[in-house]
Amino acid sequence: MTGFTSDHYLSRETTVSVNGLFIIIVFFSHIQSYIALPPAVHGVTSGLGQLMVAMFLFYSGYGVGHSVRQKGMPYVHTMPVKRIGKVSAGFIPAVLLYAVLDLACGIPFTAKEFFLSLTAWENLGNSNWYIFVILCLYLITWLACEISGRWMSEKNWETCSFIILCFLGILLFFFLHETKESWWYNTMSAYFLGYFVSFTKDKWDAVFSVRGMWLAAAMLSLAAVIWLRPLSRHASLYLVMTVMYCILILSLTKKVPVYHPVLYWLGSHLFEIYILMRIPMILLLYIPVVWVREPVIYTGISAVVTMVFAWLYHEFLASRLAR
């Protein structure tokens, strides 16, 4: 990225780098499931809570909406393959790796758990909720666009698709609310905001171009997040807080450059890092060497192995999907 302008706040360089920053936080959040880390680390991860994944969902919604707007219905028709199929093709081999890992470590699982894990409804030690939710969000986005494309004129189908998407999203929210834990659904609003921003970016640009408006938006959204945080046990308020948090990050990246080559690399390998990071964390618990469970050593080895695995898996997926 050469130079920085205010137009970069939704560029690929910025969005991928922001994702790279947050996947680091997710890494530290996950590793605490296996080993104790300093209170300062726990303070950051617990303070953010599920908000650490909000921008993943926001940028996914924005990316889908941007592609739909730029490429129209021809792109919509390819979504089952380019979006849903691509995620599934990357997720299923990872589940098989976790199955092999569990068998090697003597971690039991049933045939039912295995097959449900392939759909991300259950897991074999891997992270799964985000994969299940993003697949569902891609599915209902495709349905919303297909329905609106058939029923509405070219002038109105984008607005109609958002309305249908929100309706289907409410149904998905209540389904997950009745069947899963709160973290499966309490940040979903970020995706819908991202999709909405993709169709209204010119209006966001106009607002942020007003002198000081980005700072006002950042301060107001920060105040809203701080005010809502103690009340966020209620799912509906967590959804609102998620929206305000995304607006906060959006406001800050309007003026503050985020791009860094390391963050960009991490963000470019977001999927692979997210899905594979627990493998070294689990393996280290079963190595009969006490010193590897020292927090600094355990964290360092987990981080290095995760990045190596992520690179190898990224190359594997690239070659596989290129066929």
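All of the points below concern the structure found in this document. (Residues numbered from 1 in each chain as written. Predicted model: local features only at pLDDT ≥ 70, side-chain atom pairs only at ≥ 80, totals over all residues. Heavy atoms only, no water.)

**Topic: the overall build of the protein chain**
Applicable threshold: Secondary structure elements are defined from DSSP: runs of H or I of at least 4 residues count as helices, runs of E of at least 2 residues count as strands, and each element is numbered from the N terminus. What the globule rule says is 2.2 Å times the number of residues to the power 0.38, and the radius of gyration is computed from C-alpha atoms. Summary of the burial criterion: residues with accessible area below 20% of their type's maximum are buried, those above 50% are exposed, and those between are partly exposed, where the area comes from a 1.4 Å probe applied to protein chains only. Whether two residues are in contact is decided by their heavy atoms: any pair within 4.5 Å suffices. Reported accessibility uses the Shrake-Rupley method at a 1.4 Å probe radius. Residues are deemed covered only where the shown protein chains occlude them. Charged residues are defined narrowly, with Lys and Arg counted positive, Asp and Glu counted negative, and His plus the chain ends left uncounted. Note that the charge is assigned to NZ on lysines, CZ on arginines, CG on aspartates and CD on glutamates.
When helices and strands are tallied, the protein chain shows 14 helices and zero strands. The secondary structure elements of the protein chain, listed N-terminal to C-terminal, are α-α-α-α-α-α-α-α-α-α-α-α-α-α. In terms of overall size, the protein chain behaves like a compact globule, its C-alpha atoms giving a radius of gyration of 20 Å where 323 residues would be expected to give roughly 20 Å. Each principal axis of the C-alpha distribution contributes one length, and for the protein chain these read about 65 × 40 × 40 Å. The buried share of the protein chain, reckoned over its 323 residues, is 50%. Across the protein chain, the fraction of contacts at a sequence separation of at least 24, relative to all contacts at a separation of at least 6, is 77%. In the form shown here, the protein chain has an accessible surface area of approximately 15,800 Å², with 70% of it arising from carbon and sulfur atoms. Positive and negative side-chain charges of the protein chain, numbering 21 and 15 respectively, have mean locations separated by a distance of 4 Å.

**Regarding helix H3 (residues 54-71)**
Using the following cut-off: Here the expected span of a helix is defined as 1.5 Å times the quantity of residues minus one.
Between the first and last C-alpha of H3 there are 26 Å, a value that for 18 residues agrees with the 26 Å anticipated at 1.5 Å per step. The element H3 is largely enclosed, with a buried count of 13 among its 18 residues. Two residues or fewer past H3, Gly72 is found with a positive phi of approximately 70°.

**Details of the environment of Val87**
Residue placement: Val87 occurs in helix H4 (residues 73-105). The class of Val87 is buried, set by a relative accessible area of 14%. Each C-alpha atom of the pair Val87 and Ile134 lies 8.8 Å from the other, and the pair is 47 residues apart in sequence. Setting aside anything within four residues of it in sequence, one finds Val87 in contact with Ile131, Ile134, Leu135, Tyr138 and Phe271.

**A word on the packing of aromatic side chains**
This is how the line gets drawn: Pairing of aromatic rings covers Phe, Tyr and Trp, the last through its six-membered ring, and needs centres within 6.5 Å; plane angles under 30 degrees mean stacked, over 60 mean edge-to-face, and all others mean tilted. Cation placement over rings: the criterion is NZ of Lys or CZ of Arg within 6 Å of the ring centroid and within 35° of the ring normal.
Inspection of every chain in the model, using the stated rule, returns 23 aromatic pairs. A ring pair is formed by Phe27 and Phe28, whose centres lie 5.5 Å apart and whose planes are at 85°; its orientation type is edge-to-face. Given a relative accessible area of 8%, Phe27 falls into the buried group. Residue classification places Phe28 among the partly exposed positions, given a relative accessible area of 28%. Above the plane of the ring of Trp121 lies Lys180, whose end atom (NZ or CZ) is 4.1 Å from the centre.

**Some remarks on the nonpolar core**
We count it as follows: Residue types Ala, Val, Leu, Ile, Met, Phe, Trp, Tyr and Cys, when buried and joined through side-chain atoms within 4.5 Å, form a set referred to as a nonpolar core.
Counting 106 residues, the largest nonpolar core has Phe58 and Val68 as its most contacted members. In this structure, Phe58 is in contact with Leu10, Ala190, Tyr191, Leu193, Gly194, Val197, Cys246 and Leu250, ignoring residues within four places of it in sequence.

**Structural notes on the pattern of salt bridges**
Stated formally: A carboxyl oxygen of Asp or Glu within 4 Å of a side-chain nitrogen of Lys or Arg is what we treat as a salt bridge.
Within this structure, the stated rule accounts for two salt bridges. One salt bridge connects Glu158 with Arg69, and the closest N-O pair in it is separated by 3.9 Å. Taken together, the residues span a long stretch of sequence, with Glu158 in helix H7 (residues 157-179) and Arg69 in helix H3 at a distance of 89 residues. Given a relative accessible area of 22%, Glu158 falls into the partly exposed group. For Arg69, a relative accessible area of 37% corresponds to the partly exposed category.

**A short note on a nonpolar patch on the surface**
Basically, it comes down to this: Here a patch means residues that are over 30% exposed by relative accessible area and free of salt bridges, tied together within 9 Å if like-charged and within 5 Å if nonpolar (Val, Leu, Ile, Met, Phe, Trp, Tyr).
Taken together, the side chains of Leu139, Leu143, Ile147, Trp151 and Met152 define a hydrophobic patch exposed on the protein surface, amounting to about 470 Å² of accessible area. Within the secondary structure, Leu139 is located in helix H6 (residues 129-151).

**Side note on the state of the cysteines**
By definition, a disulfide is the covalent link that joins the sulfur atoms of two cysteine residues. Put simply, the rule is: Throughout, disulfides are identified as pairs of cysteine sulfur atoms within 2.5 Å of each other.
As enumerated under the stated definition, the model contains zero disulfides in all. Among the cysteines around Cys136, which has no disulfide bond, Cys166 carries the closest sulfur, lying 16 Å off. Of the cysteine sulfurs around Cys166, a residue in no disulfide, the closest is that of Cys160, at 11 Å. Given the relative accessible area of 25%, Cys166 is considered partly exposed.

Keep in mind that these numbers describe shape and distance, not what the molecule does.
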